[in-house]
Amino acid sequence: MAKIVSIGKFPPLQGGISSKAYWFANAMAKRGHSVHVVTELTGVDEIHTISGSDTIPRHSNVVIHRTDEVVPWHIPDDRHRSLCLLNKLLEVVESEKPDLIEANYLVPYGLVAYLAGQITGIPYVLRHGGSDIRKFLAGGLWPALWRKGLGGASLIITDTDSQEIIRKWSDQVLPLTPYVPDCSFFSAVPKRVRTRPVLALIGKANYHWQHKGWHRVIDVWHQLRDSCDFLVVSQGVGLEDFKSYVHPRLGSRVTWRGFVPPWGMPELLDSVDGLFFYESDLPFPVFSNVAAETLFRGVTLFVDTDKVADHYHALGLDLGQRALQIVALPGDYRKAAEIVLAHYPPTTPEPAACDLVAFEKYLLDNEAAMLDCIRPLHE
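Now for a quick tour of the structure.

Overview of the sheet that holds strand E4 (residues 100–103)
- In spatial order, the strands read E3-E2-E1-E4-E5-E6-E7; together these 7 strands make up an open sheet with parallel pairing. The open sheet has two free edges, formed respectively by strand E3 (62–66) and strand E7 (173–175), since each of these has just one partner strand. Each neighbouring strand pair of the sheet contributes to a mean axis angle of 20 degrees, computed without reference to strand direction.
- Here E4 pairs with strand E5 (residues 124–127) via 3 bridges, running parallel. Opposite glutamate 102, over in E5, you have valine 125 as the bridge partner.
- Sheet strands touched by helix H1 (residues 16–30): strand E1 (3–7), strand E2 (34–39), E3, E4 and E5. Its angle to E2, the strand with the most contacts, is close to 160 degrees.

Structure (structure tokens):
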């Protein structure tokens, strides 16, 4: 069994990377590995912190280490988060003597892992999201730093969408499925029959929330009005602006809720009958953890393109019969609303045997890739 130090986003900081790191750490711990998580001080970004998640349920093999330094003010004004993370990572490496350092996002965590690897000689594995690839690598920022940081990694775990960008910097590249929900938490359950279907939007509200097609979703909801109930689960710097768009169209018909922690997602999905996931307006294709969790939990996914199942299949996640839960809606709001209403009441899908196979393959592929980086040191 291996001892791994993982540095990156982690609850209560919200986001897909944070959620994926949470589930993966616990899954690896269940397999007998020791996982030490180095992450931010709680509340480092209040607007993107999940409230009420101070206690994090986790396996006994998962230990969380948070930065705790109070940096004196000086010119130029800076909280020096990266240096605090590096110091904490070095402390944990010194005390725990891990076999491997893993970073779950490139900025700043991947670069901190690179520095720690250079200082300690411990191999490091890098993972990334979508925005860090597009903002920093494809955007051409810090090329000298990436030549060292990416070039020195024992492995960079990527996906088929991003592998060509990564290969410009390193040959140690392995495309794997970005995420598969743990079917012991995300599997279909009998659905409660409600008088009106509950339709949901779940996601971070950034300044450019229109890129997620949320304005078009609200225009569909406007057509549905009294036929459905609506739930928005969101936080972010663009939330108030989004609310100002929603209120004239739906008034008090929408229930607003802050983010729930990863372990609260199954219960949240059980409270809704359909999730809207529009992506035609996105600047680049994404893999949505929430969309995958929605399908595995047996909830309908309303989309604005018929390419979702094909895209996920190309990324390594074969949805099988789960693809039947994806309902593509046209751009005409009235027709879209008619299709939504005609969908209810839906039938509850049977638990899919492929869910367990997909999750175990995802976990074993990642585990094998990480252990291969360790074995040369132990041989």
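The rest of the description comes next.
Comments concerning the pairing of strand E11 (residues 274–277)
- The two faces of E11 match: Gly274 and Phe276 on one face and Leu275 and Phe277 on the other face are all buried.
- Of the strand pairs in this sheet, strand E8 (residues 198–202) and E11 are connected by 2 bridges, and their pairing is parallel. Each residue of the ladder has a partner; that of alanine 200, found in E11, is leucine 275.
- Both E11 and strand E12 (residues 300–303) contribute to a ladder of 4 bridges, which runs parallel. Counterpart to phenylalanine 277 in the pairing with E12 is valine 303.
- Crossover handedness for the path E11 to helix H10 (residues 289–296) to E12: right-handed.

Considerations on the pattern of salt bridges
- Across all of its chains, the model carries 16 salt bridges by this definition.
- For aspartate 270, the salt bridge goes to arginine 297, with nearest N and O atoms at 2.8 Å. Of the two residues, aspartate 270 is situated in helix H9 (residues 265–270) and arginine 297 in the loop between H10 and E12; the sequence distance between them amounts to 27 residues.
- Arginine 297 gets classed as buried once you look at its relative accessible area, which sits at 10%.
- Beyond isolated ion pairs, a larger network of salt bridges with shared partners links Arg196, Asp226, Asp229 and Arg253.

Quick word on helix H7 (residues 214–224)
- Counting buried positions over the 11 residues of H7 gives 8, a clear majority of the element.
- In this fold, the buried residues of H7 make contact with E8, strand E9 (229–233), helix H8 (239–250), E11 and helix H12 (333–342).
- The positive-phi residue at the C-terminal boundary of H7 is arginine 225, with phi of around 35 degrees.

Description of the environment of tryptophan 146
- Relative to the assigned elements, tryptophan 146 resides in helix H5 (residues 143–151).
- Residue classification places tryptophan 146 among the buried positions, given a relative accessible area of 1%.
- Tryptophan 146 sits 96 residues away from phenylalanine 242 along the chain, and the two C-alpha atoms are 36 Å apart.
- Other than its neighbours up to four places away in sequence, tryptophan 146 contacts Leu106, Val107, Leu111, Phe136, Leu137, Leu141, Gly151 and Trp169.

Structural notes on the environment of histidine 247
- Residue placement: histidine 247 occurs in helix H8.
- Placed 37 residues apart in sequence, histidine 247 and glutamine 210 show a C-alpha to C-alpha distance of 16 Å.

Comments concerning the packing of helix H3 (residues 106–120) against H5
- For the pair H3 and H5, the least separation of the axes is 9 Å and the interaxial angle reads 65 degrees. Judged by the sense of rotation from one axis to the other, the crossing of H3 with H5 is left-handed. Residue-level inspection shows Leu106, Val107, Leu111 and Tyr114 of H3 in contact with H5, the latter providing Leu145, Trp146, Lys148, Gly149 and Leu150.
- Here the residues of the contact of H3 with H5 sort into 7 nonpolar, 1 polar and 1 charged.

Focus: the sheet that holds E9
- Taken in spatial order, the 6 strands of this open sheet run E10-E9-E8-E11-E12-E13, and their pairing is parallel. Edge positions in the sheet fall to strand E10 (254–257) and strand E13 (326–328), since each has one partner strand and no second. Averaged over neighbouring strand pairs, the angle between their axes works out to 25 degrees when direction is ignored.
- Bridge count between E9 and E10: 4 bridges; the pairing is parallel. If you follow leucine 231 over to E10, its bridge partner there is threonine 255.
- Relative to E8, H7 is tilted by about 165 degrees, and along the sheet it contacts E8, E9 and E11.

Focus: the nonpolar core
- Grouped together as the largest cluster of nonpolar side chains are 61 residues, with contacts concentrated most on Leu301, Tyr312 and Leu317.
- Setting aside anything within four residues of it in sequence, one finds tyrosine 312 in contact with Phe277, Val286, Phe287, Ser288, Ala291, Leu317 and Leu319.
- Grouped together as the second largest cluster of nonpolar side chains are 34 residues, Leu13, Ile17, Leu89 and Leu150 included.

Quick notes on the pairing of E5
- On E5, burial covers both faces: Tyr124 and Leu126 on one face and Val125 and Arg127 on the other are all buried.
- Remark: the E4/H3/E5 crossover connection has right-handed handedness.
- Of the pairings in the sheet, the one linking E5 to strand E6 (residues 155–158) comprises 3 bridges and is parallel in character. Following the sheet pairing, valine 125 is matched in E6 by leucine 155.

Quick look at the side chain of serine 18
- In this fold, serine 18 is placed in helix H1.
- Here leucine 13 takes part through its backbone oxygen, which lies 2.6 Å from a polar atom of the side chain of serine 18.
- If near-sequence neighbours (up to four positions away) are discounted, serine 18 is found in contact with Lys9, Phe10, Pro11 and Leu13.

Reading the values: rules and limits
- Residues numbered from 1 in each chain as written.
- Predicted model: local features only at pLDDT ≥ 70, side-chain atom pairs only at ≥ 80, totals over all residues.
- Heavy atoms only, no water.
- Pairing = 2+ DSSP bridges.
- Helix = DSSP H or I, 4+ residues; strand = E, 2+ residues; numbered from the N terminus.
- Axes fitted to C-alpha atoms, helices over the stretch in contact; angles between N-to-C directions.
- Contact = heavy atoms within 4.5 Å.
- Buried < 20%, exposed > 50% of the residue type's maximum accessible area, 1.4 Å probe, protein only.
- Right-handed = clockwise from strand over helix to strand, strands pointing away.
- Salt bridge = Lys/Arg side-chain N within 4 Å of Asp/Glu carboxyl O.
- Left-handed = near helix turned anticlockwise from the far one by under 90°.
- Nonpolar A, V, L, I, M, F, W, Y, C, P; charged D, E, K, R; others polar.
- Core = buried A, V, L, I, M, F, W, Y, C linked by side-chain atoms within 4.5 Å.
- Polar contact = N/O pair within 3.5 Å; in protein donor to acceptor, adjacent residues only side chain to side chain.

Geometry only, nothing functional implied.
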